[in-house]
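Spelled out from the first residue to the last, the chains are:
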Amino acid sequence: MNVILFGPPGVGKGTQGEKLAGETGIKHLAMGDILRTAVREATDAGIAARAYMDAGKLVPDELVVAMIEDSIIEDLSQNFLLDGFPRNVAQAEALNQMLSRHGLSIGRTVFMDAPEDSLLERLSGRLICKACGFGFHRQYSPPSKSGICDRCGGELYQRDDDREDVIAHRLEVYKEQTAPLLDYYRHKAGFRMIDASGEMETVYAALKEAVEG
Ligand code: AP5
Ligand code: ZN
């Protein structure tokens, strides 16, 4: 089954999506990770996307739609979990068209929510491994050695857009452009809403139940 995970910045889409994908063998397609790889590799799309991302703005739809389609069609036989796409109603419509072109469908659309103060705390304490991309949190899931990834020994860093001023802007962009997706999906088949304010294990159990139940 294919799954969409959506919700505000910092709600835990990446953390939970990665875990679910790891356990179930479905492909985790995180739009932010795809974009950050393109920026690092300085592809045309990455060069075009960079300024938007650094400012906490959405990258233009035509760019992200083309990138996610490339990732989906890499292996049409493998189920996927979309994290961070779609992020507005136009992208959701583009996704519908793309899926029907390829004979695919979405089985679950899961909305994750948590109060804004938790989001701020989670984003401002996040650390990411430069080498493998795994996420840590200074307080909630600290690495055993400061600044070093437990999984691969890589160096941990703070994302450029996890600065306080950029976080505030990302939350505004979320409210204006992504929150309307809730009304778009709420009455469609396969929609589920989960409380993502609890501890990681509790949220994961709720996500599994939402996807499998
Ligand atoms: P993206 O990378 O997708 O960022 P985001 O949606 O803002 O989401 P985050 O990655 O910040 O948060 P998350 O929900 O994955 O939380 P995480 O699991 O890491 O996008 C970045 C940028 O790319 C955008 O601003 C935009 O410019 C561009 N972009 C991306 N998609 C686009 C699109 N479709 N269209 C246009 N532009 C696009 O968790 C956060 C922290 O909290 C971690 O440290 C984690 O350890 C901790 N944590 C997680 N869960 C818990 C818990 N239950 N309790 C305590 N701590 C927790
Ligand atoms: Zn690592």
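Labelled according to an unreviewed UniProt entry, the protein chain appears under the name Adenylate kinase, originating from Mariprofundus ferrooxydans PV-1. What UniProt states about the protein chain under its Sequence similarities (unreviewed entry) heading is, verbatim, "Belongs to the adenylate kinase family." As its UniProt record puts it under Subcellular location (unreviewed entry), the protein chain is described as follows: "Cytoplasm".

A.B. asks: How should the sheet that holds strand β2 (residues 27-30) be read in this particular structure?
C.D. replies: Backbone hydrogen bonds are what pair the strands of a sheet, in a parallel or an antiparallel way. The strand order across the open sheet formed by 5 strands is β2-β3-β1-β4-β8, and the pairing between neighbours is parallel. Of all strands in the sheet, those bounded by a partner on one side alone are β2 and β8 (191-195). Ignoring which end each strand starts from, the neighbouring axes of this sheet average 20° apart. Of the pairings in the sheet, the one linking strand β1 (residues 3-6) to strand β3 (residues 80-83) comprises 3 bridges and is parallel in character. Bridge assignment links Val3 to a residue of β3, and that residue is Leu81.

A.B. asks: Which parts of the structure should I look at to understand the site of ligand 1?
C.D. replies: Around ligand 1 sit 35 residues in total, of which Thr15, Lys57, Arg87, Arg126 and Arg170 are the nearest. The separation between an oxygen atom of ligand 1 and a polar main-chain atom of Gly10 is 2.9 Å. The contact in question runs from an oxygen atom of ligand 1 to an N or O atom on the side chain of Arg126, over 2.6 Å. Coverage of ligand 1 by the protein chains reaches 95% of its 1,000 Å² of free accessible surface. Those elements that place two or more of their residues in the shell around ligand 1 are α1 (13-24), α2 (31-40), α6 (116-124), β6 (135-137) and α9 (200-212). At 4 residues, α2 tops the list of elements feeding residues into the shell around ligand 1.

Criteria and cut-off values
Residues numbered from 1 in each chain as written. Chains lettered and ligands numbered in written order. Predicted model: local features only at pLDDT ≥ 70, side-chain atom pairs only at ≥ 80, totals over all residues. Heavy atoms only, no water. UniProt positions renumbered as here; feature names shortened; annotations may be inferred. Pairing = 2+ DSSP bridges. Helix = DSSP H or I, 4+ residues; strand = E, 2+ residues; numbered from the N terminus. Axes fitted to C-alpha atoms, helices over the stretch in contact; angles between N-to-C directions. Near = heavy atom within 4 Å. Polar contact = N/O pair within 3.5 Å; in protein donor to acceptor, adjacent residues only side chain to side chain. Areas by Shrake-Rupley, 256 points an atom, 1.4 Å probe, with all protein chains shown as cover.

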